[in-house]
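Geometric and topological summary
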Amino acid sequence: MADGAQQDKSVQVKLVLLGEAAVGKSSLVLRFVSNDFQANKEPTIGAAFLTQKCRLEDRTLRYEIWDTAGQERFHSLAPMYYRNAQAAVVVYDVTKAASLEKAKSWVKELQRQANPNIVIALAGNKLDLVQSSSPPTPTSPSFEDDEADDATATPGETPDSPEGSTNETLRQVPTDEAQAYATEASLLFFETSAKTGEGVVELFTEIAKKIPIDHILASTQGAAGRSGAAGADGQGNRQQGINLDAAASKGKDACNC
Amino acid sequence: MSTISTHLRKIREPNKDEQLRQSFALTPAPDPVDVDSQKYKIEVNATLSLPQESEEEAYAGRLYLLPPYLAFHSLDRKSTRFTLPLCTIRRVERLNTRTGIFALSLSNWHGMKIIVQITSLRPTADLFCAHLRDALKLELQRGQMKAMKSFVKTCYSETLIPDNTPAGTEDSELVQTEDVAYLCGLGVKFKFPGDPKKLREASKLKLWATYFRTHGRNLTLLRYPQSTRLVQVGLPNRLRGEVWETLSGSLYLRFSNPGLYERILKENEGKVSTSTEEIEKDLNRSLPEYPAYQTEEGINGLRRVLTAYSFKNPELGYCQAMNILVAAILIYMSEEQAFWLLEVLCDRLLPGYYSPSMHGTLLDQRVFESLVKKCLPIIHDHFHEVDVQLSVASLPWFLSLFINSMPLIFAFRIVDCFFCMGPKVLFQVGLAILKINGEALLEIQDDGAFIHLMRDYFGSLGDSAHPNSSDPRTRAITRFQELLLVAFREFSVITEETIATERKQFRGDIIHGIESFSKRASVRNLKDLGNFTKDQAGLIYDILYKAICVVPPPASLQGGSGSPNSGQGQVAERPETRIGLATFKIFLSEIATWARDEKIVSNGFQERVDREVADHELIDRIFFFWDSSRCGALSFQDLVTGLNGVMFNDLMANIEWFFTLHDKDKDGFLTKDELLILSESMLFIFRYEVGDAYLGAVSRFMTNAFEYGDAIHETERLKTSGEAESEKPQELGNNQPYLNLATFRMVVLADEILESFFETDLTASFQLQSIPDGPLATPKSGFFGGLLSTIVTDDNVKRFHKFSDDLGKTIGQHQVVHRPSIGRIDRPIALQEPKAREPLLSSTSPRPSVSSASSSTVLATPSNSTPSLSISPPVPEKDVSPPEITPLYHAAAAAVMERTPFAIDDPQDDDDDDDDDETGEGDTHNPDDKVMDEVLYDCRRTRCG
Ligand SMILES: Nc1nc2c(ncn2[C@@H]2O[C@H](COP(=O)(O)OP(=O)(O)OP(=O)(O)O)[C@@H](O)[C@H]2O)c(=O)[nH]1
Ligand SMILES: Nc1nc2c(ncn2[C@@H]2O[C@H](COP(=O)(O)OP(=O)(O)OP(=O)(O)O)[C@@H](O)[C@H]2O)c(=O)[nH]1
Ligand SMILES: [Mg+2]
Ligand SMILES: [Mg+2]
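It should be emphasised that the depicted structure is a prediction, and the values quoted were computed from it without experimental measurement.

**Remarks on the overall build of chain B**
For chain B, the helix and strand inventory stands at 39 helices and 16 strands. Counting all 945 residues of chain B, 55% fall into the buried class. If you take every contact in chain B between residues at least 6 apart in sequence, the share linking residues at least 24 apart comes to 74%. Accessible surface computed for chain B: about 42400 Å², of which carbon and sulfur atoms make up 53%.

**With respect to the coordination of the magnesium ion (ligand 3)**
All names here are of chain A. The coordination sphere of the magnesium ion (ligand 3) contains the protein donors S26 (OG) and T44 (OG1), at a distance range of 1.9 Å. Placement of the pair is S26 in helix α1 (residues 25–34) and T44 in the loop between α1 and β2 (47–56), with a sequence separation of 18 residues. For the pair S26 and T44, a shared accessibility class is recorded, and that class is buried.

**Let's talk about the coordination of the magnesium ion (ligand 4)**
Summarising the metal site, the magnesium ion (ligand 4) is bound by the protein donors B:D663 (OD), B:D665 (OD), B:D667 (OD) and B:F669 (O), whose distances to it range over 2.0 to 2.2 Å. Every donor residue of the magnesium ion (ligand 4) comes from the same chain, spaced as D-x1-D-x1-D-x1-F.

**Describing unusual backbone geometry**
Working note: non-glycine residues mostly have negative phi, and peptide bonds are mostly trans. Cis geometry is found at the peptide bond from B:P67 to B:P68, where omega equals 5°. Inspection of the secondary structure puts B:P68 in the loop between β2 (59–66) and β3 (69–74). The backbone phi angle of A:N35 is positive, close to 50°, even though this residue is not glycine. With respect to the element layout, A:N35 can be found in the loop between α1 and β2. Of note, B:L287 is a non-glycine position whose phi angle comes to about 40°, a positive value. By the secondary structure assignment, B:L287 is in the loop between α11 (274–283) and α12 (296–312). Assessed through its relative accessible area of 3%, B:L287 is described here as buried.

**A look at the interface of chain B and chain A**
In this assembly, 52 residues from chain B lie in contact with 44 residues from chain A. Across the chain B/chain A interface, buried area totals approximately 4300 Å², and carbon plus sulfur atoms make up 53% of it. Taken together, chain B and chain A are joined by four salt bridges. Taking the shortest distance from any N to any O, the salt bridge between A:R83 and B:D447 comes out at 3.8 Å. Where chain B meets chain A, there are 13 residue pairs in polar contact (both at pLDDT 80 or more). Every element with two or more residues in the side of chain B that touches chain A is listed here: α11, α13 (322–329), α17 (391–399), α21 (447–459) and α24 (496–524) of chain B. Looking at the side of chain B that touches chain A residue by residue, the classes come out as 21 nonpolar, 16 polar and 15 charged.

**Considering the side chain of B:S681**
All names here are of chain B. By secondary structure assignment, the location of S681 is in helix α30 (residues 672–685). For S681, a relative accessible area of 0% gives the class buried. A distance of 2.7 Å separates the side chain of S681 from the side chain of H662, its partner in a polar contact. Beyond its immediate sequence surroundings of up to four residues, S681 is in contact with H616, L618, F658 and H662.

**Topic: the site of ligand 2**
Residue and element names in this part refer to chain B. The environment of ligand 2 is made up of K78, T228, R229, Q232, M421, K424, F488, R489 and S492. In the model, an oxygen atom of ligand 2 is placed 3.3 Å from a nitrogen or oxygen of the K78 side chain. Between ligand 2 and F488 there is a distance of 3.5 Å, counted from an oxygen atom to a backbone nitrogen or oxygen. For ligand 2, whose accessible area on its own is 620 Å², the fraction buried by protein is 64%. For the shell around ligand 2, the elements supplying multiple residues, two or more each, are α7 (225–232) and α23 (479–490).

**Describing the environment of A:Q52**
Residues and elements named next belong to chain A. With respect to the secondary-structure elements, Q52 resides in strand β2. In this structure Q52 comes out as buried when scored by relative accessible area, which is 0%. With 75 residues separating them along the chain, Q52 and L127 place their C-alpha atoms 23 Å apart. Of the polar contacts made by the side chain of Q52, one reaches the backbone oxygen of F32; its length is 2.8 Å. Within the local environment of Q52, its side chain forms a polar contact with the backbone oxygen of V33, the two atoms lying 3.4 Å apart.

**Remarks on the UniProt feature "domain: EF-hand" (unreviewed entry) in chain B**
Look at the UniProt record and you will see "domain: EF-hand" (unreviewed entry) annotated at residues 650–685 of chain B. Measuring from the first to the last C-alpha atom of residues 650–685 of chain B gives 18 Å, for a span that is 72% helix and 6% strand.

**Some thoughts on the side chain of B:D663**
Residue and element names in this part refer to chain B. Among the structural elements, D663 can be located in the loop between α29 (651–662) and β13 (669–670). For the buried residue D663, which engages in no salt bridge, the nearest side chain bearing the opposite charge is K666, 6.3 Å off. Here D663 is in contact with G668, F669, L670 and E674, once residues within four sequence places are set aside.

**Description of the sheet that holds strand β11 (residues 607–613) of chain B**
The pairing of strands in a sheet comes from backbone hydrogen bonds and takes either a parallel or an antiparallel form. Residues and elements named next belong to chain B. A sheet is described by the order of its strands in space; here three strands give the open sequence β11-β10-β15, paired in antiparallel fashion. The open sheet terminates on both sides in strands that have one partner only, identified here as β11 and β15 (815–818). This sheet shows a mean twist of 25° between the axes of neighbouring strands, independent of strand direction. By the bridge criterion, seven bridges tie strand β10 (residues 596–602) to β11 in an arrangement that is antiparallel. When the bridges of β11 are listed, K599 appears paired with D610. Against the sheet, helix α26 (residues 581–591) makes contact with β10 and β11, and its axis sits at roughly 140° relative to β11, the strand it touches most.

**Brief notes about the site of ligand 1**
Around ligand 1 lies a shell of 25 residues, among which A:K25, A:S27, A:A39, A:D128 and B:R285 are the nearest. Surrounding ligand 1 are residues belonging to chains A and B, so the site spans chains. One of the backbone nitrogen or oxygen atoms of A:A194 is found 2.8 Å away from an oxygen atom of ligand 1. Taken by itself ligand 1 offers 650 Å² of open surface, and the protein chains cover 93% of this. Looking at the shell around ligand 1, the element that brings in the most residues is α1(A), giving three residues. Residues of the shell around ligand 1, tallied by class, amount to nine nonpolar, nine polar and seven charged.

About the criteria used
- Residue indices follow the written sequence of each chain, beginning from 1 at its first position.
- Both sets of labels track the order of writing: A upward for chains, 1 upward for ligands.
- A pLDDT threshold of at least 70 governs which residues receive local features in this predicted model, and a stricter bar of 80 or more applies before side-chain atom pairs are shown or counted, although totals over entire chains, interfaces and linings include all residues.
- Only hydrogens and water are set aside; all other atoms, that is, all heavy atoms of the structure, feed into the side-chain values.
- The way it works is that DSSP assigns letters per residue, a run of H or I at least four long becomes a helix, a run of E at least two long becomes a strand, and they are numbered from the N terminus.
- In this scheme, a residue with accessible area under 20% of its type's maximum is buried, one over 50% is exposed, and one in between is partly exposed, where area comes from a 1.4 Å probe on protein chains only.
- Contacts are residue-level and defined by heavy atoms, with any inter-residue pair within 4.5 Å sufficient.
- Per-residue and other accessible areas were derived by the Shrake-Rupley procedure at a 1.4 Å probe size, with only the shown protein chains allowed to occlude residues.
- Listed donor atoms are N, O and S within 2.8 Å of the metal (Na, K and Ca: 3.2 Å). As water is not included, a site may look incomplete.
- Once two parts are put together, the accessible area they lose, assessed with a 1.4 Å probe and summed over both, is termed the buried area.
- For this analysis, a salt bridge means a side-chain nitrogen from Lys or Arg found within 4 Å of a carboxyl oxygen belonging to Asp or Glu.
- Contacts described as polar in this section are N or O atom pairs within 3.5 Å, which, within protein, must combine one atom able to donate a hydrogen with one able to accept it, while residues neighboring in sequence count only if both atoms come from side chains.
- Residue polarity is assigned by list, with Asp, Glu, Lys and Arg as charged and Ala, Val, Leu, Ile, Met, Phe, Trp, Tyr, Cys and Pro as nonpolar; anything else, Gly included, falls into the polar class.
- Nearness is judged by heavy atoms alone; a residue qualifies as near a molecule or strand once a single heavy atom is within 4 Å of it.
- UniProt positions are given in the numbering used here, feature names are shortened, and annotations may be inferred rather than shown by experiment.
- Two residue types count as positive, namely Lys and Arg, and two as negative, namely Asp and Glu; His and chain ends fall outside the count.
- For two strands to count as paired, DSSP must find a minimum of two bridges between them.
- In this analysis, axes come from line fits to C-alpha atoms, helices being fitted only over the stretch in contact, and the angle between any two N-to-C directions falls in the range 0 to 180 degrees.

The following block contains the structure:
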């Protein structure tokens, strides 16, 4: 579809998702790209590839998302996908302590083996499972139209909101613990739910903000070198929104081809 | 956390026999129950024909008796082929034809006749017949004919062709179609994917029925060119499972292992393992849109097949993608059928694809890339230029047989061809995909665009390939048909041999890559490197790896898997590799000079160093000392930490290390026993030092230590109780705290030799050297097999050494000298009279006169204690003897008190030289020509009515 249009001002950012099997990597991507959730998502074989645009202030980022397979034995394939990545989302499952350990080892590997400037975010997924039965209304916006308002309304530290403590027993990774680790390793940190959409947009938006866009623009000489003083992002009237692009609206979504 | 696997080292190319069996869809090695009958193995040249067909339809080829199968392939190895279980043969007749022609007519269970004309020389033909007769008899005795009768009823083709004996021979019994319960897949209940009308189910079934009537079915199927064509147009849904089974050969496995699937399930009921947990995660994620997998029935079947296989093949366990494969297969076949098909897939058709290292996947990706380079160089170059990796798209194609990439109906047709023509199909189709999309591919600039293009292409497979053509028939050709056409027409040059050759070429690289990757990961995952650099840790890893190759750690040490109360989510994905004592000895012998026995052998032809692993309590002690988690096994981290604790020490730290090593209860005191053991340890380390200096030092050490110990205890006692004098000094048991670190240190420092030992020599005796034939050495080209090949050469080297030693002995030139572990003192005489540092000692020592423990007369004069010890200029030993340090030991130990002598086991007591050559009862059976002339074997005679 709109293949021609995406060329102009957008900056391409390669982002890779890593994490233990079944923590919800593919689901996060599906939420981000199509604002959709499938209860039974097939495991990713090798890796899946999707794209999504993300508007940030006056420019557009085009995420090229590599969603990798989580099972340990696919580990040796991962370098193929994270090479040259500018961003990584390392996902764990808040209801599974072991998945955080795996996430840590991914972070370690990325920090040593991947692109040195890579922006890494830690995402504790399946937040909905540890919240009360009536979750806070999904912050996941209705993408397409909203330009101005509240997508940033609940960044980061949402979870301590009015949760019914009933389900809190399922939680195996306390927020503080993960937050402390993330701070120590200088990672962005979010708790998310691909199911409700909570935290998903924030996750990708915050990553976008941290990407040294000008740096990328400068290095890819093709993008008309608009030397941006706009680099001082994060301030002012931030506008954002996610545009569904061609990949997202396709009927045969996210097939792992 | 690191898992170290050496199984890649064991991979080897199949030998000729195995290749042959595989080409007939049989397991590489015969079933254990059939080992006996292998004596009937024989092959002849033969021509195959069917009575109802014309002369031209005869195929020259080769006929093999591979009990319990009779197999044939035409000369081109592809036109015709069969693999007949002997039990399906009812009758063998020698045909009365023109003279000089030796032809057999075989009638099979399905009432069909085939004629094989044996064109080998007459004696060979006779022998073949004799063997065939005997092998048939054996099958009958085993009751296989009976088993076969009920087995074939599980095949749908029996229902398709109800009449058992179309030829209408006297056999035609009443067919009991009623109780026939053929096995079927979920599709029968939950519908098959695709529109049966569009797929032309009915006419396809009819064509197959015709084929089955003339060419046999299930166990008796003959593979003629028509069958390949029928497969290429797509199998009918109801027949698909059975034909997959037959073409892949999993049918034979199911036939020869009745009930095994159920048994495995039963035996492992309720067991939990890493694999079962991984399977559990994916059950709801396997073709979720297919209705059956939204029901318990479908999910349970999937669970059972995957779990059963993970228990059958625990080394492989479960790999994602298998769930998708099995879910797909189960649409067309029953659980048991799927189980055996999965076995064939993992074992033979997709070898190494799903193994923990996925080496087969990686290898075939490399092969595919190489084929692209050869067949589609322009695309390859473009990809190279824009840095696009082929496997980002192609890996899932291979791993899930396109099921995950294409719409199901198309993927299954590729799977049909895959089972029919073998793994080369995946490469042919892959190449065709690239070729068809060639122009568009040359436009792409990055991985992402490549993936997009492929996804769009797969989405359009149902469209017309020539939408603008005026000819409606051309327009009717779908892009999928075009794909198959290109795959099989234009890439017919890709044969099984091509694949085999390519795999051979790249396997070494791939294994090297995987191993260095896991090495890097292991080093990276170390929680604590200590003072080691990463490179040094890498060396430790190499040495560990080598040790594991020699003595693999017992499976029981690999914790994690199967632990019952692992708590949800707590199971590590792969258990950490831990080594046992036996492996550790080899490991340490590569590092510590005293943990090995090195003999310098010269025999007049060569001078060489023979190295053997030493054995001593000291080594065991270090093993348990380093076992931080007290589980009787050491991890890579334990070894690094352990070595770190001794390899960077100064004098004081080494003294403490050695002391603590021997202080079993870690209370800061050595008992008397421990003190003796410690002395033995030193003697062990010094066992090959030249001259008496070290022996003297240890002797003095013992004397002093006991004098001190006693003196201290004397004063202690005096201090604590005035009356103590009346008590006997023996009250202190041999296993009570006796000597503390300070005193030990003092005693050590009183001796120059020991001081220098602890200052530098001990640390220096640990050496990290890169392993020349190490596991990670670049693979020698054309010489795959890494360790295996070095073992082979090692053997040859050993043989050569023995040979030259024997020669040397006969000419009196054979000399063996032990290489010292420290080697600081190379000239025995040069050593000044070993003198203790009197001033240091006497200044603090109260010098008690009596010592209960030591009567040190022998020790006091170490220089003349054992004349045999003064090996001034290395005295040749008469023969290669097991490492002995007895003179040293006896001198010292006898002097102190009687202790159980520590024996040095001969470390090399498990020579596997015994080639038990079971020259068998290979007596060739007298071919009984008389019988041959008539009926070779008539099963009907013994058939139970
Ligand atoms: N309740 C809940 N379930 C989720 C969430 N995210 C994912 N899931 C479920 O968890 C399962 C695994 O999700 P996937 O997105 O396939 O996981 P993955 O990390 O991509 O798994 P692999 O591809 O195997 O590595 C699916 O059944 C999802 O429906 C979430 O936020 N909340
Ligand atoms: N190795 C092997 N390849 C096969 C087999 N059957 C078909 N093929 C492949 O499929 C292609 C076409 O099959 P064939 O039936 O041999 O083709 P053909 O003999 O040219 O017949 P037509 O194309 O119908 O004229 C061949 O070029 C092979 O690459 C088989 O049994 N073994
Ligand atoms: Mg996934
Ligand atoms: Mg003690």
